[in-house]
Amino acid sequence: MNRNIGWKDNKWEEINKINISIIDRGLKFGDGVFETILIRNKKAILLKEHLQRFEKNLHLLNYNFKINHQFLEKIIYEGIDKLTLDNNEYGSIRINYSRGLNIERSLKVNTINKDYDPKNLWIEFYLIEIDFNQISVRISDTEKRNEFSLLSKCKTFNYSQSIQALIEANKKNFDDSILLNTQNELCCGTTF
């Protein structure tokens, strides 16, 4: 019975056996986009809408190509089967896409891919426990979201700001932190 599995380079592996190159832009620079999808009753909830948002975010951050929805849906449903969930269990799917390998040390994007490259894709499948217990939260004193930034409109690999806000909350004995935007409007939590 598999509880945490992943797909990369057309292979299924345990999550801890999937490796990303140290010259991958997603690892080096946080240059990647992801989408997370709930699995309930062995079905990916709002799958088409999630794939549309994933594609929209890739385009917004200048990846500039269309993803192959049928290809992703096939992998997703194969992964759900491999996860071997019972009907009353929940799971999650995280689709990851990086801009690819960066041979040089520079941030410069040497090529703008016009084609979707499955080598830059990996998908994670997890059994999750749904927890409806109350948590304590506080508004971060140090971190704010820039509502004008493209990054604030997408799910990207860079969680450094959220990590700092969470550490700040934990140091003050809170479970999580809420971030305001630069206009002091309620924006988001560290993981939602």
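Throughout what follows, the structure given in this document is the object of discussion.

Calculation rules
- Residues numbered from 1 in each chain as written.
- Predicted model: local features only at pLDDT ≥ 70, side-chain atom pairs only at ≥ 80, totals over all residues.
- Heavy atoms only, no water.
- Core = buried A, V, L, I, M, F, W, Y, C linked by side-chain atoms within 4.5 Å.
- Buried < 20%, exposed > 50% of the residue type's maximum accessible area, 1.4 Å probe, protein only.
- Helix = DSSP H or I, 4+ residues; strand = E, 2+ residues; numbered from the N terminus.
- Contact = heavy atoms within 4.5 Å.
- Expected span 1.5 Å × (residues − 1).
- Arc of directions from axis to C-beta.
- Pairing = 2+ DSSP bridges.
- Patch = residues over 30% accessible without salt bridge, like charges linked within 9 Å, V, L, I, M, F, W, Y side chains within 5 Å.
- Areas by Shrake-Rupley, 256 points an atom, 1.4 Å probe, with all protein chains shown as cover.
- Salt bridge = Lys/Arg side-chain N within 4 Å of Asp/Glu carboxyl O.

1. A few points about the nonpolar core
Next, step 1: Membership of the largest hydrophobic core comes to 27 residues, with the highest contact counts inside it found for Phe54, Leu58, Ile76, Ile93, Ile95 and Ile123.
Next, step 2: Where this core is concerned, the elements lending two or more residues are β1 (4-8), β3 (32-40), α2 (47-60), α3 (69-83), β5 (90-98) and β6 (121-128).
Next, step 3: The element that contributes the greatest number of residues to this core is α3, accounting for five residues.
Next, step 4: Excluding residues that lie within four positions of it along the chain, Leu58 makes contacts with Val33, Tyr63, Asn64, Phe65, Ile67 and Tyr97.

2. Focus on α2
Next, step 1: With 14 residues, α2 extends 20 Å between its outermost C-alpha atoms, agreeing within 8% with the 20 Å of an ideal straight helix rising 1.5 Å per residue.
Next, step 2: Listed as buried for α2 are Leu47, His50, Leu51, Phe54, Glu55, Asn57 and Leu58. Looking straight down α2, one finds that the buried residues subtend no more than 160 degrees of arc, so they occupy a single side. Among the exposed residues of α2, those oriented more than 90 degrees off its buried face are Lys48, Lys56 and His59.
Next, step 3: On its buried face, α2 is in contact with β3, β4 (43-44), α3 and β5.
Next, step 4: Positive phi appears at Asn62, one or two residues downstream of α2, with a value of about 70 degrees.

3. Topic: the pairing of β1
Next, step 1: In terms of burial, β1 is largely enclosed, as four of its five residues are buried.
Next, step 2: Relative to β6, β1 is paired through five bridges, and the arrangement is antiparallel. Bridged to Ile5 within β6 is Phe125.

4. Describing a nonpolar patch on the surface
Next, step 1: A surface patch of nonpolar side chains, amounting to about 250 Å² of accessible area, comprises Tyr159, Ile163 and Ile167.
Next, step 2: Mapped onto the elements of the fold, Ile163 is located in helix α4 (residues 160-171).
Next, step 3: Exposure remark for Ile163: the relative accessible area of 46% places this residue in the partly exposed category.

5. With respect to α4
Next, step 1: The end-to-end C-alpha distance of α4 is 17 Å, a good match for the 16 Å that 12 residues give at a rise of 1.5 Å each.
Next, step 2: Every buried residue belonging to α4 is among Ser162, Ala165, Glu168 and Ala169, and all of these are buried. Burial along α4 is one-sided: seen end-on, the buried residues are contained in an arc of 125 degrees.
Next, step 3: Residues of α4 that are buried in the fold lie against β7 (137-145) and β8 (176-181).
Next, step 4: Positive phi shows up at Asn173, right after α4, with a value of about 65 degrees.

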